[in-house]
Amino acid sequence: MIYMFCIECGSDNKQMIGEICIDCFLKDFKMIEIPENINVEICSHCNSRLEEGKWHESFIPEEEIIYRALERNIQINDLVENEEINLEIEQMKGTIADCYVEVVGEVYGVSINETHDISVRILKTVCPTCSKLQAGYYEAVIQFRADSREIKKEEYEKADEVVARTLDKQSKVDKLAYCPQIAKLKEGYDYYIGSLKTGRKVAEALKEEFGGVIKESPRLISEDKSTGKGLYRIWISIRIPEFEISDIVKYDNKIIQVTDIDKNRVVGTDIKTDKKHNIPLKNMADIKLVKKSSDIETTTIISMSPKIIQILDPSDYSAVDLERKNCFSDYNIGDEIKIIKIENYIYLIK
Ligand SMILES: [Zn+2]
Ligand SMILES: [Zn+2]
């Protein structure tokens, strides 16, 4: 059945939309729907914002946050054509923005103009990352230790530096790249790290700096009743070698003076043969410290032949004959020379 007159106003000379005329239709028609009050959550610590249930990190100015909130909340009716929407922030009252939305468009060929007054409230809250940080949340503990010795002050300072540098680098890719706590224990420092991923990077960086062996041990903290999955925290120990550069070690029956330690190997010189050796650090347990570099003594050459160097034993001033290896060919009588005593035997050291 086709109505020829409007059932609301009775006019019979207008464009009809179903049972009513266009004027009656447009009287209650809204081109857009938008809530009068909109809330936007912003983290007061890191400025990230909550949009559609997700936290976004990139910093954008407050005004832009308000405009985006308005845009996101506008729903345009399908009948509207050629629409133009104008958003304006009229004034800020504390954390509330009084906004004005104006829409110009066409519906059934009729140009219309409509306005809305909207309040956008900015709620300052704490995002999940910052709340984890505030609560001291951590997934990994990096235990910085030395094998059979105390860690030196300079080594702690260096370690702090390495940790800070690694966190700084990781913070660009990992929101949990932070260290809420450093426990300074007698046996070493424990660095608490927000994420396991970054915790592993920290341990690797320490290994790169000091050499040593990394070991991970997970500990079950709690169990999620609904999934049956365990929540683990990982303790990662990095054990740096007992020996240091210039110390004398024993490995594979060779007596070796250490000249370098890097993340994968120990480099040293055999003090009997003057040969260079590379020892993989994974064999660290088999490398035994024999003498610290501070045990190296200095004495004087008192006599020399092509095959023999005679030195004064500093402990009792007796003369001792030692084999003159090629590496000592340019030494002269009266020169100072370094020696190390190991198991009652004296070795010359370059
Ligand atoms: Zn009508
Ligand atoms: Zn935050």
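Residues numbered from 1 in each chain as written. Chains lettered and ligands numbered in written order. Predicted model: local features only at pLDDT ≥ 70, side-chain atom pairs only at ≥ 80, totals over all residues.

*Asks:* Looking at this model, I keep getting lost on the overall build of the protein. Mind explaining?
*Replies:* Looking only at helices and strands, one finds 5 helices and 25 strands in the protein. In terms of C-alpha radius of gyration, the protein reaches 39 Å, well past the compact-globule figure of 20 Å for 350 residues. Split into buried and exposed, the 350 residues of the protein put 21% on the buried side. Contacts in the protein between residues at least 24 apart in sequence constitute 54% of all its contacts with a sequence separation of at least 6. (Helix = DSSP H or I, 4+ residues; strand = E, 2+ residues; numbered from the N terminus. Rg over C-alpha atoms; globule rule 2.2 N^0.38 Å. Buried ≥ 20, exposed ≤ 12 C-beta atoms within 10 Å, placed from the backbone. Contact = placed C-beta atoms within 7 Å.)

*Asks:* Just to check I follow, could you spell out the domain arrangement of the protein for this structure?
*Replies:* Under the domain assignment, the protein is made up of domain 1 (1-30), domain 2 (35-128), domain 3 (136-240), domain 4 (242-291) and domain 5 (296-350). The C-alpha-based centres of domain 3 and domain 4 are spaced at 27 Å. Across the contact, 9 residues belong to domain 3 and 7 residues belong to domain 4. Its residues placed into classes, the side of domain 3 that touches domain 4 shows 2 nonpolar, 3 polar and 4 charged. (Domains from an automatic or database assignment. Nonpolar A, V, L, I, M, F, W, Y, C, P; charged D, E, K, R; others polar.)

*Asks:* Even after reading the chapter, I still don't get the sheet that holds strand β12 (residues 181-185), so can you show me in this structure?
*Replies:* Across a sheet, paired strands are connected by hydrogen bonds in the backbone, their directions being either parallel or antiparallel. In space, the 5 strands of this open sheet follow the order β12-β13-β11-β15-β14, with mixed pairing throughout. In this open sheet, the two strands that pair with only one neighbour each are β12 and β14 (213-223). Between one strand and the next, the sheet's axes are offset by a mean angle of 20°, whatever the strand orientation. Looking at chain direction, strand β11 (residues 140-146) and strand β13 (residues 188-193) are connected through 6 bridges and run antiparallel. Counterpart to Phe144 in the pairing with β13 is Tyr189. In the packing of helix α5 (residues 196-210) onto the sheet, the strands contacted are β11, β13, β14 and β15 (230-240), and the crossing angle to β15 comes to about 5°. (Pairing = 2+ DSSP bridges. Axes fitted to C-alpha atoms, helices over the stretch in contact; angles between N-to-C directions.)

*Asks:* Could you clarify how one ought to interpret the pairing of strand β17 (residues 254-261) in this entry?
*Replies:* Regular strands have side chains that alternate between both faces of the sheet. The pairing of strand β16 (residues 248-251) with β17 spans 4 bridges and is antiparallel. If you follow Ile248 over to β17, its bridge partner there is Gln257. Turn length for the β16-β17 hairpin, with the two strands adjacent in sequence and antiparallel, is 2 residues, and the turn residue Asp252 shows positive phi of about 55°. Pairing geometry for β17 and strand β18 (residues 265-270), over 5 bridges, is antiparallel. The residue bridging Val258 from the neighbouring strand is Gly268, located in β18.

*Asks:* What is the right way to read helix α2 (residues 62-73) from this model?
*Replies:* Given 3.6 residues per turn, any residue in an α-helix points the same way as the ones three and four places further on. With 12 residues, α2 extends 17 Å from end C-alpha to end C-alpha; this agrees with the ideal 16 Å at 1.5 Å per step. Among the residues making up α2, those that are buried are Ile66, Ala69 and Leu70. Considered in projection along α2, the buried side chains sweep an arc of 95° and stay on one side of the axis. The outward face of α2, more than 90 degrees from its buried face, is lined by the exposed residues Glu64, Glu71 and Arg72. Where α2 is buried, its residues contact β4 (37-43), β8 (80-93), β9 (96-107) and β10 (110-125). (Expected span 1.5 Å × (residues − 1). Arc of directions from axis to C-beta.)

*Asks:* Got a minute to help me understand the environment of Lys186 in this structure?
*Replies:* Locating Lys186 in the fold gives a position in the loop between β12 and β13. Separated by 36 residues in the primary sequence, Lys186 and Glu150 have C-alpha atoms spaced 8.2 Å apart.

*Asks:* It is not clear to me how the environment of Glu102 should be interpreted in this structure. Could you clarify?
*Replies:* With respect to the helices and strands, Glu102 occurs in strand β9. For Glu102, a count of 13 C-beta atoms within 10 Å corresponds to the partly exposed category. Between the alpha carbons of Glu102 and Ile238 there is a distance of 63 Å; along the sequence they are 136 residues apart. Aside from chain neighbours lying at most four places away, what touches Glu102 is Asn86 and Thr115.

*Asks:* Would you mind going over the pairing of strand β23 (residues 319-323) with me for this structure?
*Replies:* Strand direction decides the pairing type here: strand β22 (residues 308-312) and β23, joined by 5 bridges, are antiparallel. Paired with Gln310 across the bridge in β23 is Asp321.

*Asks:* How should I be thinking about the packing of helix α4 (residues 153-170) against α5 in this particular structure?
*Replies:* When two helices pack together, you describe them by how their axes are tilted relative to each other and by the distance separating the axes. The geometry of α4 relative to α5 is characterised by a closest axis approach of 9 Å and an angle of 135° between their N-to-C directions. Taken together, the axes of α4 and α5 lie oblique to each other. The interaxial crossing formed by α4 with α5 has right-handed handedness. Contacts from Lys158, Ala159, Val162, Val163, Thr166, Leu167 and Gln170 of α4 reach α5 at Thr198, Lys201, Val202, Ala205, Leu206 and Glu209. Grouping the constituent residues of the contact of α4 with α5 by class yields 7 nonpolar, 3 polar and 3 charged. (Parallel < 35°, antiparallel > 145°, perpendicular 65-115°, else oblique. Left-handed = near helix turned anticlockwise from the far one by under 90°.)

*Asks:* Any chance you could explain unusual backbone geometry here in plain terms?
*Replies:* Outside of glycine, negative phi angles account for most residues, and trans bonds account for most peptide bonds. Even without a glycine there, the phi angle at Glu52 is positive, about 50°. Mapped onto the elements of the fold, Glu52 is located in the loop between β5 (49-51) and β6 (54-56). The exposed category is assigned to Glu52, around which 6 C-beta atoms lie within 10 Å. Phi is positive for Ser246, which is not a glycine, with a value near 85°. As for its placement among the helices and strands, Ser246 is situated in the loop between β15 and β16.

*Asks:* Explain the sheet that holds β17 here, please?
*Replies:* Pairing is antiparallel across the open sheet formed by 5 strands, whose spatial order is β19-β18-β17-β16-β20. If you trace the sheet from one side to the other, it starts and ends with β19 (276-280) and β20 (288-291), each paired once. With strand direction ignored, the average angle separating the axes of adjacent strands in the sheet is 45°.

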